[in-house]
Amino acid sequence: MKRSVLALATLASTALATSVFAAEAPAEIKIGHLYASAGRFASISMPVDYGFKLWADQKNAEGGVFVKGFNKKIPIKLVEYDDQSNTATAQTLYNQLITQDKVDVLIADSGSVLTSVAVPIARDNKMFLIDPTGTGAAFFSKDNPWIALMADPVSTIWPKPVADWVSQEGPKLGIKKVAILYATNEFTGTQANAARKFIKDSGAPIDIVFDQGVPTETTNYTVLINNIKASNPDMVLHFGYAANDIAFLRNMADAGVKFKGLFCIYPGIETELLEKNVGDKGLQYVMTYVTSAALQYKPEFGMSLPEFRDAWKKKFPDNKVEFGFNSIAGYTTGLVLEKALGEMASLDQTELRRAVFAQSGKLKTLDGTFALDELGGQIGELTPLGQFVPGEGGHLKLNALYPPDSATAKAVYPRP
Amino acid sequence: MPRYAKHILFIVAPLVAAFAILPFAYNNQLLLFNFVLFLTLAQGVNVIYGFTGYLPFGYVGFFGAGAYGFSLLILHLHAPPLAAMGGAAVAALAIALLLTPLLRLSGAYFSIANLAAALALMQFISNPNLEAITRGPYGVSMTGVFNPRLAYTMALIVMAGAMLVAVWLRNSRFGLALQAVREDPVSAAQAGVDVPRARAYAWLISAVIAGLAGGVFAWYVTVFYPENVFSSDYSIFAVVFALFGGVSTILGPIVGVLILYGVYNFIGFSTPQYFQLIYGALIMALVLFLPQGLISLVKRRGIDVP
Amino acid sequence: MLTYSLLAGLLFGLYFSLVGLGLNLVFGVMRIVNLAHGDFLMLGAYCAFWLYTLFGVDPVFAIPVAFVLFGLVGLPLYYLLVPRLLAARDPEMLSIILFFGLSQVIEALATIAFGTSEQSIPGGDLGRALREGWGRLTGHEIESGPVEIFGQSFPSAWIISGVASLIAVALVYLYLYRTRTGYLTRAVMSRRDEALATGIDVNRVSAIAFGIGIALAAVGGVFAPFMLGSITPAMGVDSTVVSFAVIVMGSLGNPLGTVLGGLVYGVSYMLVQSYLSSWANLLPYLLLIAILLVRPSGLLGKRVRLA
C-alpha cells in the first residue's frame, strides 16, 4: 500500500516535472551504425568503425555526452550491425536501425557504395544521415536535406592541391608531360576526372600523354607501368584504392622503374598500411595527400593527433586494423556529433541537422576545419599535397608542399 | 474447384495479402520489401532451375539489366516509372535472348558461363567510357521518382506475377513438358516436346521476372552503383532460398525465403559478428543433409506438395 | 609495348595455369565445382605470409610446406563433404552451393584470424635464400632486382612463379600418366560409374585428387603476395572466377590444357590492359563464354559438354 502511494507520488511529480521542463532526459542516446567486417569494403570500414567506437567508449567512461536541451550528460548506446559489404543487407539493417531500434542518430557505413543505400532510406524516414566518408557527389542534392559529410571532402575537391601544384609549380620545374592512371570507381575515378579538368582549365603548358582507367580489381600493374614509362612522362598521377596503390608501388619496385615524379592517394591516407606493404624505400619521394594522419592540426576540440594515436594503440593493441586516416575519420565523426549534441535543444532530427550545419566553419578538430556547403558536402578538412622524403634514422618524413600557406618544404623534383 | 484455382486462392492470394497488410503492422518496410524481392527472385530461379534443371548462377545479370533498363528510361527519356518498368522487362529480355545459346551447355558449364555473363555485363555497364549513357562507375541517381510506397506496391504486383507463373507451370501441359525435359530430354523429345524451345521459354520468363524485380529495386532506392545491382549475393541468395524450400513446387521457394531469409535477418540483428560464419555453415549443412529441400521431408511421406 | 605485353602475358599466364591447375583436377575427377578454390589460395598466401613474418622463411620454401599442409587438410575434407554430396540427385549443381558455403566459412574464419587489411611480403625476398645459396656455392651472387628477357625487364617473382608453375604442371602430368594412382584417376575422370563397376576404389582416388587440388591452390597462393599486389581474406572470389575461365578455356583433366588456357588468358589480358585498359576485366568473362560456345570441349578437349 505504502509502496503504491509512493509510486503514485513519484508518477505525479514526474508528470509535473515533465510539464515544467520541455522533455524528460532519455536514459541513453541510441546511435545506430553499420560496419563491414568482411568483403570488399572491410578494409576501409573497420578503421572508421573502430575510431568511432573509441570516441563512444571514451564519452561513456566520462558518463556520457552532454546534451544542451536536457542540461546533462547522457550515456551513449551504440547499436551496430555488420553488413558484410553487402548492400542488400545494409539496406535492411539501416531500416532496422531506424524503424525497430529507433535510433536517435543514424551513421552510415564508410565508403560511397555502402553509404549510397542509406541515402534514400534516411531521406524517406526523415532521418538526418551522418555520413562519415561516403564522398559520392550524387548523395548531395538540393532536394535532399537529410545528409552531411563528416570527415573528408567530396571527391571532386580532393585533387585540387595536387592539380594546382602540377599546373602552377610544374612548368617551373620542367614538368611538361603528365600521365594519369586511375581505378574506375566513384572515389578515385571522380578524382582523376577532377584533376584532369583542373590541369586543362589552368591553361598551363602541360600535355597529358597517358590517360587510362583500369578496373578497381586490378592487381598487377607491371605492363601498365611499362606503358607509362614508354610515354616518358615528367609526372605520374595514380588514383587508386589502397590495394591498387600497394600493387602499383610494389610492381614499380619489382620492375625497377622510377618516375621523376609520382603521386598516389593512399600513402598519405593509410600510411602505416602502405609502409608495411611497400616498405620505406618504395615510398621515398612519392607525393601524396597530407591528411590529418600526418598534418598536426591544432584541435580546438577533442584529442590531438598524438593523443589519439596513443589512445588507439592502447585500445587496439593487436594491430589487426591499421591506424590511419580512416581511423581519424571515425573519431572525427564522433567529435562532430558530440559538438552538435552539446548545442541541441532536443534529439529531434531537424534539430540535429541544424546543430551539425551550425558547426560548419567553426569546429576545428584533429581532422582540420569542419565546413559544409549548403547541400551537406564537406568542403573543409582539406588535403594538401605532400611528399615522403627520407628523414632521420632512415624513417620517412612527410613534407607538405602545396598550397603555399601550408607548405613546410619544397618539392624534391625530379626524384634522385 | 480446379487445382490452379486452389493454388491461387490458398497460396498466392494469402501471400500477397499478407505482404500488403504487414507494412501497417511492422514498420521496417525495407525488410518487407527485401522479402518480396527475394520471394520474386527465388520463384524466378525456380522457373528455370526447378522446371528445367539449369542452375542460373548469374541470375543477378537480369536483375541488374532490369535496374539499368528502368533507370535509363528515367534518366534519358524522363519516362514515368510505370513505363520505365517496361524498360526493365525489355532490358532483361534482350539480355536473355542474347544468352540463349548458353542453354546448349550442360550442367556446371551453363552455370559458370551464366555467372561470367553477369560479371561481363557489370563490367560493361560500369565502364567509364559509357559514362554518358549508364553513368559508368559513378552510379545512378534518379531525382523525382522517389516513391517507396508506390514502388512497394509495384514489387507486390511483380511478386504476384512470378507466383502466378509458378502456378501455371505446376498445372499446365507446358510445365509438365518442362519437367519431362528435365528428367529425360531424349524421351521428352521422342514424346513430341520441342526441347530447345521449351527450355528457351522458361529461360526468357525467368529472366523477365528478375528484370522486373531489378526495375522495382531501382525505383525503390533511386541511388545505386553497378556493384549494388550486380552483387552476386542476389543470385546466390535466390538459388539457396529456392533450394532450401525445394524446387519445382510453388510452395518450396516461398517456404525457403520465409524461413531462411528470416533466419538470415535474425542472425544479422542478433549476432552480427559471426554472421558470415553461421550463414556459410548453414548453407553447407543444407546441401549435405537436405539436398532436396524442406519440401522433400513432406513428400517423403507421400503427401503431394503444390 | 607489344613485345612487352606479349611476354608479360605469357609469364602472367603461366602463373594462372598454376592457379587453375588444382581446380582442373577437382572438377575433372569429381565433376564438382569447388567455389572455395580461391579461398584455399588465400589460405596458402597467408601460410607463406606467416612463415615469412614469424620465422623469416623464404616463400620458396613455403611451397612444400603449403603443399603438404593443405594436402593433409584436403583429404579429410573430401571424406567429410564429397561422398555425401555425390549421393544427392544433382551433385554438380549442388556442389556450387555447398562450396559457396565453405568459401563463406573460410573467409569468415580468416577474417577473424588475420584481420581485414592488406598484407604482403617484400618483393625481393622471394627466392632470397636460393640466391644466397647459389652465391655461396659458385661465388657468383645473383642480384635480386628485375630479370632481363629479350631486352625487356620483368620482376623476378614472375620468373620464379612461372618456373614453379611449369614444375607443378610437369609433376601433375607425371602423376596422371606415369603412376598407377594417376592411371586410375584418369579412369575415374572419363567414366566415374564404369570405374566404380570395375572395382576401382573411386573414393580413395578422388580423395587424393581433391587433396592435390587444394594443395595446388595453396601453392598458387604462396605467389599471390607477389603476383596479386597484396593479400586479404576477401581475395578468394576473384581468383576463383579467373581459375574457372582458365580451366574452361583449356580442357578438363589435361594439365597441358590448363597451361594453354592460362597462356591464352594471360596474353589476352595483358594486351587488353595495354591497349584498352578499362575493359581488361571484361575480357576473361567474354573469352570464357566465347570458348564455351564455339568450342565447348575446351581448346584441347575431346569430350563434349553440350546438353
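Residues numbered from 1 in each chain as written. Chains lettered and ligands numbered in written order. Predicted model: local features only at pLDDT ≥ 70, side-chain atom pairs only at ≥ 80, totals over all residues. Heavy atoms only, no water.

Student: So what's going on with the overall build of chain A? Which residues, and what values?
Tutor: Scanning chain A from terminus to terminus reveals 15 helices and 16 strands. At 23 Å, chain A has a C-alpha radius of gyration in line with the 22 Å of a compact globule built from 416 residues. With respect to the principal axes defined by its C-alpha atoms, chain A has extents near 90 × 45 × 35 Å. Taking all 416 residues of chain A together, the buried fraction comes to 62%. In chain A, the share of contacts with a sequence separation of at least 24, taken over all contacts with a separation of at least 6, comes to 66%. As displayed, chain A offers around 14,900 Å² of accessible surface, 55% of which is attributable to carbon and sulfur atoms. (Helix = DSSP H or I, 4+ residues; strand = E, 2+ residues; numbered from the N terminus. Rg over C-alpha atoms; globule rule 2.2 N^0.38 Å. Buried < 20%, exposed > 50% of the residue type's maximum accessible area, 1.4 Å probe, protein only. Contact = heavy atoms within 4.5 Å. Areas by Shrake-Rupley, 256 points an atom, 1.4 Å probe, with all protein chains shown as cover.)

Student: I'd like a rundown of the interface of chain B and chain C, residues and numbers included.
Tutor: Contacts between chain B and chain C engage 46 residues on the former and 44 residues on the latter. In total, about 4,100 Å² of surface goes out of reach between chain B and chain C, with carbon and sulfur atoms giving 74% of it. One salt bridge connects Arg89(C) with Glu183(B), and the closest N-O pair in it is separated by 3.7 Å. Counting every contact that joins chain B to chain C gives six residue pairs in polar contact (both at pLDDT 80 or more). Among the secondary structure elements, those contributing two or more residues to the side of chain B that touches chain C are helix H5 (107–125), helix H8 (173–183), helix H12 (232–245) and helix H14 (275–289) of chain B. At twelve residues, the largest contribution of residues to the side of chain B that touches chain C is made by H5(B). (Buried area = accessible area lost by both parts, 1.4 Å probe. Salt bridge = Lys/Arg side-chain N within 4 Å of Asp/Glu carboxyl O. Polar contact = N/O pair within 3.5 Å; in protein donor to acceptor, adjacent residues only side chain to side chain.)

Student: So what about the nonpolar core? Which residues, and what values?
Tutor: Ranked by size, the top nonpolar core spans 267 residues in total, and within it Phe99(C) and Phe210(C) carry the most contacts. For Phe99(C), the contacting residues outside a window of four places in its chain are Ile32(C), Val33(C), Asn34(C), Leu35(C), Ala36(C), Leu81(C), Leu85(C) and Phe210(C). Phe128(A), Val162(A), Ala255(A) and Leu363(A) belong to the second largest nonpolar core, which has 105 residues in total. (Core = buried A, V, L, I, M, F, W, Y, C linked by side-chain atoms within 4.5 Å.)

Student: An account of the sheet that holds strand S11 (residues 262–264) of chain A is requested, with residue identities and associated values reported.
Tutor: Residue and element names in this part refer to chain A. Pairing is mixed across the open sheet formed by seven strands, whose spatial order is S9-S8-S10-S11-S12-S15-S16. Of all strands in the sheet, those with a lone pairing partner are strand S9 (207–214) and strand S16 (396–402), marking the two edges. Between one strand axis and the next, the sheet turns through 25° on average, direction left out of account. Bridge count between strand S8 (residues 177–183) and S9: seven bridges; the pairing is parallel. Looking across to S9, one finds that Leu-181 is bridged to Gln-212. Against the sheet, helix H10 (residues 242–255) contacts S8, strand S10 (235–239), S11 and strand S12 (286–289), and its axis sits at roughly 150° relative to S11. (Pairing = 2+ DSSP bridges. Axes fitted to C-alpha atoms, helices over the stretch in contact; angles between N-to-C directions.)

Student: Run through the interface of chain A and chain B, naming residues and quoting values.
Tutor: How large an interface is tends to be reported as the accessible area lost when its parts come together. Contacts between the two partners involve 39 residues from chain A, matched on the other side by 36 residues from chain B. Of the roughly 3,100 Å² buried at the junction of chain A and chain B (both faces included), carbon and sulfur atoms supply 54%. Here chain A is connected to chain B by one salt bridge. In this structure, the salt-bridge partner of Arg149(B) is Asp124(A), at a minimum N-O distance of 3.7 Å.

Student: Any chance you could break down the environment of Gly174(A) for me, citing the residues and the numbers?
Tutor: Residues and elements named next belong to chain A. With respect to the secondary-structure elements, Gly-174 resides in the loop between helix H7 (170–173) and S8. With a relative accessible area of 33%, Gly-174 lands in the partly exposed category. Put simply, Gly-174 and Gly-69 are 105 residues apart on the chain and 59 Å apart in space, counted from C-alpha to C-alpha.

Student: Before we move on, could you go through the pattern of salt bridges and cite the residues and values that matter?
Tutor: All names here are of chain A. The full count for this structure, using the stated rule, is 22 salt bridges over all chains. Salt-bridge contacts for Asp-201 lead to Lys-197; the nearest nitrogen and oxygen are separated by 3.1 Å. Pair noted here: Asp-201 and Lys-197 are both in helix H8 (residues 186–201), with a separation of four residues, about one helical turn. The exposed category is assigned to Asp-201, whose relative accessible area is 54%. For Lys-197, a relative accessible area of 53% translates into the label exposed. For Lys-313, the salt bridge goes to Glu-272, with nearest N and O atoms at 3.2 Å. Remark: Glu-272 occurs in helix H12 (residues 271–283) and Lys-313 occurs in helix H13 (residues 305–315); sequence separation between them is 41 residues. Accessibility expressed as a relative area gives 35% for Lys-313, which makes it partly exposed.

Student: Tell me about the packing of helix H2 (residues 37–55) of chain C against helix H11 (residues 236–249) of chain C, residues and numbers included.
Tutor: Residue and element names in this part refer to chain C. Interaxial distance between H2 and H11 falls to 7 Å at its minimum, and their mutual angle equals 125°. By the angle between their axes, H2 is oblique relative to H11. In the crossing of H2 with H11, the sense of the turn from one axis to the other is right-handed. Along the contact surface, H2 presents His-37, Gly-38, Asp-39 and Leu-41, while H11 presents Gly-236, Ser-239, Thr-240 and Ser-243. Its residues placed into classes, the contact of H2 with H11 shows one nonpolar, six polar and one charged. (Parallel < 35°, antiparallel > 145°, perpendicular 65-115°, else oblique. Left-handed = near helix turned anticlockwise from the far one by under 90°. Nonpolar A, V, L, I, M, F, W, Y, C, P; charged D, E, K, R; others polar.)

Student: Lay out the domain arrangement of chain A in plain terms, naming residues and giving numbers.
Tutor: All names here are of chain A. The domain boundaries assigned to chain A delineate domain 1 (23–152 + 296–369) and domain 2 (160–290 + 384–406). Taking the mean C-alpha position of each, domain 1 and domain 2 sit 30 Å from one another. In total, about 950 Å² of surface goes out of reach between domain 1 and domain 2, with carbon and sulfur atoms giving 43% of it. Considering only the side of domain 1, the residues that lose the most area to domain 2 are Thr-135, Glu-322 and Phe-325, jointly responsible for 39% of the buried surface there. Our enumeration of links across domain 1 and domain 2 arrives at three salt bridges. At the surface where domain 1 touches domain 2, the tally comes to five residue pairs in polar contact (both at pLDDT 80 or more). Where the side of domain 1 that touches domain 2 is concerned, the elements lending two or more residues are H13 and helix H14 (325–341). (Domains from an automatic or database assignment.)

Student: Tell me about unusual backbone geometry, and please be specific about residues and values.
Tutor: All names here are of chain A. A cis geometry characterises the amide bond from Tyr-402 onward to Pro-403, with omega recorded as 0°. Following the sequence through the fold, Pro-403 ends up in the segment after S16. With omega at -10°, the peptide bond leading from Tyr-413 into Pro-414 counts as cis. The residue Pro-414 is located in the segment after S16 in this model. Backbone geometry at Ser-85 places phi at a positive 65°, although glycine is not the residue there.

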